[in-house]
Amino acid sequence: MTKQRSGDTREKLLTAASDVFVEKGFRDATVAEICKRADANISAVNYYFSSKEALYQQAWRHSFAKSIKDFPQDGGVSENAPAEARLRGQVKALIRRISDENNKDFFISQMEFVNPTGLLEEVMKSELIPLREKTLSVMRELLGQEATEEQVVFCETCILSMCVHPMLMQRARRKMKNAEMPVMMYDLDAYIEHVMKFALAGIAAVKNDFDLVGLAAQHARSL
């Protein structure tokens, strides 16, 4: 029973901390408020996490793990599926993850970008870099061997922007109830397909440039 209660208290602290850090950021969040929301003794943070800084890191990890469990990066698509299908799975997972009202890790990250503490730098790198590498790997496969790493990164960045920015605007509009902000997107499946259409067309355009360069080089050699 003691272990069960201990686990419950730690979980409640992580959940409460995630909420408070999303709302206020690290600097304005207080241990007292976190413990109050978790219905825990104020000494519990030091007992379970040793410090507010460590709690911040663990709250992000906790939220990230839950988010990825709810929305696996592959979107349910097999790693043996064609690259286009794998990209669609990743786009679907990212859009649905960010649009989820219960998502915490992404918005803790956003608060960190606005008011950086440096405390999440290492934990975010250890979790996010492997995810990004999977997306870059799919982009390399879709673009082909002629693509430079810069072109791969450019294409990946454009696709991520189409996934992230509209969902952030949607969350802001819902929170602020501002009718002047962009219209809400209720059909996420339709938007996912729209993003894929743009992404694949952009990739095709970049590959077409390779073909034009190749034809030009071939023509120059024939002169």
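The rules behind the values
- Residues numbered from 1 in each chain as written.
- Predicted model: local features only at pLDDT ≥ 70, side-chain atom pairs only at ≥ 80, totals over all residues.
- Heavy atoms only, no water.
- Helix = DSSP H or I, 4+ residues; strand = E, 2+ residues; numbered from the N terminus.
- Buried < 20%, exposed > 50% of the residue type's maximum accessible area, 1.4 Å probe, protein only.
- Contact = heavy atoms within 4.5 Å.
- Areas by Shrake-Rupley, 256 points an atom, 1.4 Å probe, with all protein chains shown as cover.
- Phe/Tyr/Trp six-rings, centres within 6.5 Å; stacked < 30°, edge-to-face > 60°.
- Axes fitted to C-alpha atoms, helices over the stretch in contact; angles between N-to-C directions.
- Left-handed = near helix turned anticlockwise from the far one by under 90°.
- Nonpolar A, V, L, I, M, F, W, Y, C, P; charged D, E, K, R; others polar.
- Polar contact = N/O pair within 3.5 Å; in protein donor to acceptor, adjacent residues only side chain to side chain.
- Parallel < 35°, antiparallel > 145°, perpendicular 65-115°, else oblique.

Examining the overall build of the chain
Assigned secondary structure in the chain consists of nine helices and zero strands. If you list the helices and strands of the chain from N to C, you get α-α-α-α-α-α-α-α-α. Sorting the 223 residues of the chain into buried and exposed places 35% on the buried side. Contacts in the chain between residues at least 24 apart in sequence constitute 66% of all its contacts with a sequence separation of at least 6. Accessible area of the chain: about 13300 Å², with a carbon and sulfur share of 56%.

Regarding the packing of aromatic side chains
Throughout the structure, instances matching the rule amount to seven aromatic pairs. Ring geometry for F26 versus Y56: centroids 4.9 Å apart, planes at 45°, classification tilted. Remark: Y56 occurs in helix α4 (residues 52-70) and F26 occurs in helix α1 (residues 2-28); sequence separation between them is 30 residues. Across the pair, exposure class does not vary: F26 and Y56 are buried alike. Pairing Y47 with Y48 gives two aromatic rings, centres 4.8 Å apart and planes at 90°, and the pair type is edge-to-face. Among the aromatic residues, those joined into a cluster by ring pairs are F21, F26 and Y56.

So, the packing of helix α5 (residues 83-99) against helix α7 (residues 121-143)
Two quantities define a packed helix pair, namely the angle between the helix axes and the distance between the axes. Running from N to C, α5 and α7 point in directions that differ by 145°, and their axes come no closer than 9 Å. Crossing handedness for the pair α5 and α7: left-handed. Only K134, T135, V138, M139, E141 and L142 of α7 make contact with α5, whose side of the interface consists of A83, E84, R86, L87 and Q90. When its residues are assigned to classes, the contact of α5 with α7 shows five nonpolar, two polar and four charged.

A closer look at the side chain of Q73
Note that Q73 resides in the loop between α4 and α5. Classification of Q73 as buried rests on a relative accessible area of 15%. One polar contact links the side chain of Q73 to the main-chain carbonyl oxygen of L131, over a distance of 2.6 Å. When residues no more than four places from it in sequence are discounted, the contact partners of Q73 are G89, Q90, A93, L131, K134 and T135.

Observations regarding the environment of F107
Checked against the element boundaries, F107 lands in helix α6 (residues 105-114). Given a relative accessible area of 12%, F107 falls into the buried group. Taking the C-alpha atoms as reference, F107 lies 9.3 Å from L168; in sequence the two are 61 residues apart.

Topic: unusual backbone geometry
In this model, D39 sits at a positive phi of 55°, which is unusual for a non-glycine residue. Along the chain, D39 falls in the loop between α2 (31-38) and α3 (44-49). Of note, the phi angle at S50 is positive, near 75°, even though the residue is not glycine. Examined against the element boundaries, S50 turns out to sit in the loop between α3 and α4. Under the relative-accessibility criterion, S50 is labelled exposed at 54%.

A word on the environment of F210
Residue placement: F210 occurs in helix α9 (residues 188-222). A relative accessible area of 11% places F210 in the buried class. Once the C-alpha coordinates of F210 and A147 are considered, the two residues, 63 residues apart in sequence, prove to be 7.9 Å apart. In this structure F210 touches L143, E146, A147 and Q151, once residues within four positions along its chain are discounted.

Things to note about the packing of α4 against α7
Interhelical geometry of α4 versus α7 gives an angle of 20° and a closest axis separation of 10 Å. Overall, the two elements α4 and α7 adopt an arrangement that is roughly parallel. Crossing angle aside, the handedness with which α4 passes α7 is left-handed. Taking contact as the criterion, the partners of Q57, W60, R61, F64 and I68 in α4 are, on α7, V123, M124, S126, E127, L128 and L131. Per-class residue counts for the contact of α4 with α7 are seven nonpolar, two polar and two charged.

Functional significance is not addressed by these values, which are geometric in nature.
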